[in-house]
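Observations on chain architecture
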Amino acid sequence: MQFKLSLVAASLLATLTLTGCNDDSSSTPTTPDVENPSPETGNPDTGKPDTGNPTPVTTGQFIDAKVQGLDYVIGTKAAQTDAEGNYELGAENGTISFYIGGKDGLLIGSVSGRAVTTPFEAAGTYERSINLARLLLTINEHNDDSTIIIPSLIKDNPSADIQAALAKITLDDGYFKKSVETLLTLLDSKTLVTAADAQKHMQASLNPEQLQRGSEEVLTQWAKGSNQIIIHRSANLRVKNSSDETFKTVIHQDQQNGKYIGGLSLMNYKLTDDQFTILAGSNDSTIEKTSTLPSFVYEMTNEAKVSTENKMEPWSEIETMGSPYACMAAKNCSESLLTQANLEYIERQDGDHKQKEAQSGTYDPVTQVYTQIRSKEYLDGDYTGRISESIEFFYPVTDAKTDRFVDFTGTWTTKETRPDCTNVAVSKMVFNDKGLILTGNEFKPTPENKCNTITIQDTQLTPYSELAKIDFWWFGINKAGISLATLDQLNTTVRWNDKDTGETTDNFKINRFSYIPAGKAWDQGLLIRDTLNDSGNKIATITMKKS
């Protein structure tokens, strides 16, 4: 069954060189098999699936062990988690943002109000989540790791030096270890916990036999026989082909001759009583292509593999595939059953291949999205030793002609940091129905000062058509609206040309995006945009949070 091999079933059938806009894999992102999918963004009356009325949650808990002293903001309220890791959501059950060291410290992420938040929900990707766990365990003031206590130097009126050290931390890639050095020195040079130890600790903390991470109320729309349409979007984030290689970031879109080429996988399912149906227009087949850039690899959708007709699979086959498919195959699928973590690299058979994988899956009753983050290693065959990390989103829609999006319209606060710079550039991005107005500060390096910032003088509107030519490639792509983006589009890496009008010299940059939806309209999450050079080294990080 093709869709079972969603990471690399077709990826390594060919290793080609990306060559210009005549490449036969040029494509636009795959969309459902309809002419004009209608958006479902922010209005509860736009036809979203009926999920019933989940029991309100007024208190939540942050767990990588119980974390005490973690700063959080919900609405106008700012507080810290207590000795049990608890946080107060209040009656509104709104979006909650987590920080280490207050609002001027490290912003971890923003999530919908929920009973339990772990590093996986807060940080987003597998890599970021493990690194967050490493950081929390390293700075722990408790005498053992049964509880994590944020140090007094951080949680009790942190100094300007502490806050500056926290603000420059990045949880991604090889720069993470370097980015925490200043903080650990200020905390008496603590030794950074290894990724393996952090993963082992989280596996024990998130053991489903000891920790229930959601309601047991049945999610009828996720069960077989519901006739529900489920959309499945995914993006492979980084790969390495052997244990002695370093990870390479996956580039999904490449700008050539002023036009992006590439594509993302999309699967559409229908949960009938008799069978699991893969709808026409689905495609999760990709072709991996070599890159002249040492730290990157291209992965594009194989347009030749788009299905032209529905394909039925027996439920007996689906129930063996693990979460969330096993939950769909049951009549009692719930948030509790969907929200599971297994970080012990359990061996399993995937088609013709033996593999081991670690994964965390979470259902958010506010967004109605199931998010799965996983690391997978192949144990035999041509792909032996290959490890890939991915993010996947599953969500119900009312019918096959409908999709859901993040609408950028509104005001976003942005913060830009750069390696080896202690200052932060803060700006406002206001998106309206025509484009963007930017105000505030931005980095403008000079030969004398690489950390120089300036006040933005040009506050004229930049239309979406111009934004789409740079790294905001998704604007105008989705037929339902010019300001919209899908969840997989917000988790891509793009290569684009920052050459000004009239310039003859190319100025290619690589931007990597990460986003987990939060809030009813999906637009309250934290969008992280890293700019990388050709060697994969980080030039800048911008975080974007909608007001």
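Residues numbered from 1 in each chain as written. Predicted model: local features only at pLDDT ≥ 70, side-chain atom pairs only at ≥ 80, totals over all residues. Heavy atoms only, no water.

Looking at the overall build of the protein chain
Note the following rule: Each helix corresponds to a stretch of at least 4 residues labelled H or I by DSSP, and each strand to a stretch of at least 2 residues labelled E; elements are numbered beginning at the N terminus. Classification of residues uses two cut-offs on accessible area relative to the type maximum, computed with a 1.4 Å probe and protein chains only: under 20% is buried, over 50% is exposed, and between them is partly exposed. Any pair of residues with heavy atoms lying within 4.5 Å of one another is described as a contacting pair.
Secondary structure summary: the protein chain contains 11 helices and 34 strands in total. Scored against the burial criterion, the 547 residues of the protein chain give a buried share of 56%. Contacts in the protein chain between residues far apart in sequence, at least 24 positions, make up 63% of those at least 6 positions apart.

A word on the pattern of salt bridges
Selection criterion: Criterion for a salt bridge: a side-chain nitrogen of Lys or Arg within 4 Å of a carboxyl oxygen of Asp or Glu.
In this structure the tally under the stated criterion is 24 salt bridges. Between D420 and K178 there is a salt bridge; the shortest N-O distance is 4.0 Å. Of this pair, D420 sits in the loop between β25 (410-417) and β26 (425-431) while K178 is found in helix α5 (residues 175-179), placing the two residues 242 residues apart along the sequence. Given a relative accessible area of 44%, D420 falls into the partly exposed group. A salt bridge links D471 to R529; the shortest N-O distance between them is 2.8 Å. Here the residue D471 occupies a position in the loop between α11 (464-467) and β30 (484-485), and R529 occupies one in strand β33 (residues 526-532), the gap between them amounting to 58 residues.

A short note on the nonpolar core
Formally: For our purposes a nonpolar core is just a set of buried Ala, Val, Leu, Ile, Met, Phe, Trp, Tyr and Cys residues, chained together by side-chain atoms within 4.5 Å.
In this structure, I100, L183, F408 and F431 are the most contacted members of the largest nonpolar core, which totals 88 residues. Of all the elements, helix α2 (residues 126-139) adds the most residues to this core, at 8 residues. Setting aside anything within four residues of it in sequence, one finds L183 in contact with L135, I139, I154, I162, A165, L166 and I169. Of all hydrophobic cores here, the second largest spans 20 residues; its members include L271, M321, C333 and Y363.

A few points about the state of the cysteines
For the record, the criterion: The disulfide definition used here is simple: a pair of cysteine sulfur atoms within 2.5 Å.
Taken as a whole, this structure holds 2 disulfides when the rule is applied. Between C421 and C451 runs a disulfide, and the two sulfur atoms are separated by 1.9 Å. Taking the sign of the torsion about the S-S bond as the criterion, the disulfide between C421 and C451, at about -85°, is left-handed. You can see C421 sitting in the loop between β25 and β26 and its partner C451 sitting in the loop between β27 (435-443) and β28 (453-455), a full 30 residues away along the chain. Judged by its relative accessible area of 14%, C451 is buried. Listing the disulfide partners of the protein chain by sequence rank of the bonded cysteines yields 1-2, 3-4.

Section: the sheet that holds strand β9 (residues 116-117)
For clarity, the cut-off: Criterion used throughout: strands pair if DSSP finds at least two bridges between them.
Taken together, the 3 strands give an open sheet; going across it, the order is β6-β2-β9, and neighbouring strands pair in mixed fashion. At either margin of the open sheet sits one strand with a lone partner, and together these are β6 (86-88) and β9. Pairing of strand β2 (residues 59-62) with β9 involves 2 bridges; the strand directions are parallel. Paired with Q61 across the bridge in β9 is V116.

Describing the packing of aromatic side chains
The criterion, for reference: Working definition: a ring pair exists when centres of Phe, Tyr or Trp rings (six-membered ring for Trp) sit within 6.5 Å. Plane angles under 30 degrees give stacked, over 60 give edge-to-face, the rest tilted.
Using the criterion set out here, one finds 26 aromatic pairs in the structure. Ring centres 5.0 Å apart and planes at 80° place the aromatic pair Y395 and W522 in the edge-to-face group. Linking Y395 in strand β23 (residues 387-397) with W522 in the loop between β32 (508-514) and β33, this pair joins segments that are 127 residues apart in sequence. A single burial state applies to Y395 and to W522, both of which are buried. Here the aromatic rings of W474 and F513 are separated by 5.0 Å at their centres, their planes lie at 75°, and the arrangement is edge-to-face. Of the two residues, W474 is situated in the loop between α11 and β30 and F513 in strand β32; the sequence distance between them amounts to 39 residues.

Side note on unusual backbone geometry
The residue after S323, namely P324, is reached through a cis peptide bond having omega 5°. Looking at the secondary structure, you find P324 in the loop between α8 (315-318) and α9 (325-328). The phi torsion at A65 lies on the positive side, around 65°, for a residue other than glycine. Inspection of the secondary structure puts A65 in the loop between β2 and β3 (66-68). Its relative accessible area of 7% is what places A65 among the buried residues. Positive phi is not limited to glycine here, since W522 has a value of about 70°. W522 gets classed as buried once you look at its relative accessible area, which sits at 0%.

A closer look at the pairing of strand β11 (residues 228-240)
A large share of β11 lies buried, amounting to 13 of its 13 residues. Alignment of β11 against strand β15 (residues 266-271), held across 6 bridges, turns out to be antiparallel. Across the sheet, residue R233 finds its bridge partner in β15, namely L266. Of the pairings in the sheet, the one linking β11 to strand β12 (residues 248-251) comprises 2 bridges and is antiparallel in character. By the bridge assignment for β12, V239 is matched with K248.

Details of the sheet that holds strand β4 (residues 71-74)
As a reminder of what qualifies: Helix axes are fitted only over the stretch in contact, all axes being lines through C-alpha atoms; the angle between N-to-C directions runs from 0 to 180 degrees.
Pairing in this open sheet of 4 strands is antiparallel, and the strands run β5-β4-β7-β8 from one edge to the other. Taken across any chain shown, the strands that pair with only one partner, and hence form the sheet edges, are β5 (77-80) and β8 (106-112). Averaged over all neighbouring strand pairs, the angle between strand axes comes to 25°, with direction disregarded. Inspection of the sheet shows β4 paired to strand β7 (residues 95-100) by 4 bridges, in the antiparallel sense. Bridge assignment links V73 to a residue of β7, and that residue is S97. Packed on one face of the sheet, α2 meets β7 and β8 and runs near 50° to β7.

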